[in-house]
Amino acid sequence: MIEIDELKFDEKGLIPAIVTDYYSKKVLTLAYMSRESLKISMDEGRTCFFSRSRNELWRKGETSGNVQKIVNIYADCDRDALTVEVIKSGPACHLGTDSCFTDPVYLCDDVNQFSYEGLYDMLVERKETLPENSYTSYLFKEGTDKIIKKIGEESTEVIVAAKGRDKAETVFELADLIYHYTVLMVNDGITPAEVTEELAKRHIIDKKVKQKYMQ
């Protein structure tokens, strides 16, 4: 563990802090901390930044209620920048979005930009707009009974593929199953973060294993 005095603050007494979501690992925002705001953050266990525009301390969520509980803070190798992993209680951006980083500047055409969160967001949009000739729209229109019936069918297909020791077919069927249970999540208003939080409650790491990776 390093001390605050070992960190390198700039000429204005600030250090950049990259805030990320503890569960999704998504980058939420880039903010700045002073020695005082960093100490407050560590003492209170929630993010407190220094607002360069207002020239004052700023406790995240003080007015919006979107508090960020701190899980850990790490310094980089030069000790002039921080990463802050948080569990957030609402949008990180003042515009009401989950992250401040939402506007693409460059996207590589050679790399598939797929992400599970992207899939979830697309399904949310499908539920809201219900475009014609869309299988997803069909599922939402049919409702819960149809969706859970498909989940049952896909679960059976996963079992059959796995029993047959066919890895490629198992992967294919698992993708179908994940898609359908994500449709159910959207239909029932369940977010990936809620499922991740539930899994985190059950996640127990043996102390010896944890110590090994902390060395």
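## Looking at a nonpolar patch on the surface
Taken together, Ile-18, Val-27, Leu-30 and Phe-101 make up a surface patch of nonpolar side chains, about 340 Å² in accessible area. Tracing the backbone shows Val-27 in strand 2 (residues 27–34). The class for Val-27 is partly exposed, based on a relative accessible area of 35%.

## Some points on the pairing of strand 3 (residues 48–51)
Across a regular strand the side chains alternate sides, sitting on one face of the sheet and then on the other. Alternating residues of strand 3 divide into Cys-48 and Phe-50 and Phe-49 and Ser-51, and every residue in both groups is buried. In this structure, strand 3 lies alongside strand 4 (residues 56–59), joined through four bridges in antiparallel fashion. By the bridge assignment, Phe-50 is partnered in strand 4 with Leu-57. Hairpin remark: strand 3 followed by strand 4, antiparallel, with four residues in the connecting loop; positive phi at Asn-55, about 55°.

## Overview of the packing of helix 4 (residues 144–163) against helix 5 (residues 167–187)
Two numbers describe how helix 4 lies on helix 5: the axes approach to 9 Å, and their chain directions differ by 160°. The angle between the axes of helix 4 and helix 5 places the two elements in the roughly antiparallel class. When the axes of helix 4 and helix 5 are compared, the crossing they make is left-handed. The residues of helix 5 that touch helix 4, namely those facing Thr-144, Ile-147, Ile-148, Lys-150, Ile-151, Glu-154, Ser-155, Glu-157, Val-158, Ala-161 and Ala-162, are Glu-169, Thr-170, Glu-173, Leu-174, Asp-176, Leu-177, His-180, Tyr-181, Val-183, Leu-184 and Asn-187.

## Examining the pairing of strand 1 (residues 14–21)
The buried count for strand 1 comes to six of eight residues, which makes it a mostly enclosed element. Sheet topology note: the strand 1/strand 2 ladder contains seven bridges and is antiparallel. Following the sheet pairing, Ile-18 is matched in strand 2 by Leu-30. The antiparallel hairpin formed by strand 1 and strand 2 contains five residues in its connecting segment, where Lys-25 sits at a positive phi of about 70°. In this sheet, strand 6 (residues 82–88) lies alongside strand 1 in parallel orientation, the contact comprising five bridges.

Parameters and conventions
Residues numbered from 1 in each chain as written. Predicted model: local features only at pLDDT ≥ 70, side-chain atom pairs only at ≥ 80, totals over all residues. Heavy atoms only, no water. Patch = residues over 30% accessible without salt bridge, like charges linked within 9 Å, V, L, I, M, F, W, Y side chains within 5 Å. Areas by Shrake-Rupley, 256 points an atom, 1.4 Å probe, with all protein chains shown as cover. Salt bridge = Lys/Arg side-chain N within 4 Å of Asp/Glu carboxyl O. Helix = DSSP H or I, 4+ residues; strand = E, 2+ residues; numbered from the N terminus. Buried < 20%, exposed > 50% of the residue type's maximum accessible area, 1.4 Å probe, protein only. Pairing = 2+ DSSP bridges. Axes fitted to C-alpha atoms, helices over the stretch in contact; angles between N-to-C directions. Parallel < 35°, antiparallel > 145°, perpendicular 65-115°, else oblique. Left-handed = near helix turned anticlockwise from the far one by under 90°. Contact = heavy atoms within 4.5 Å.

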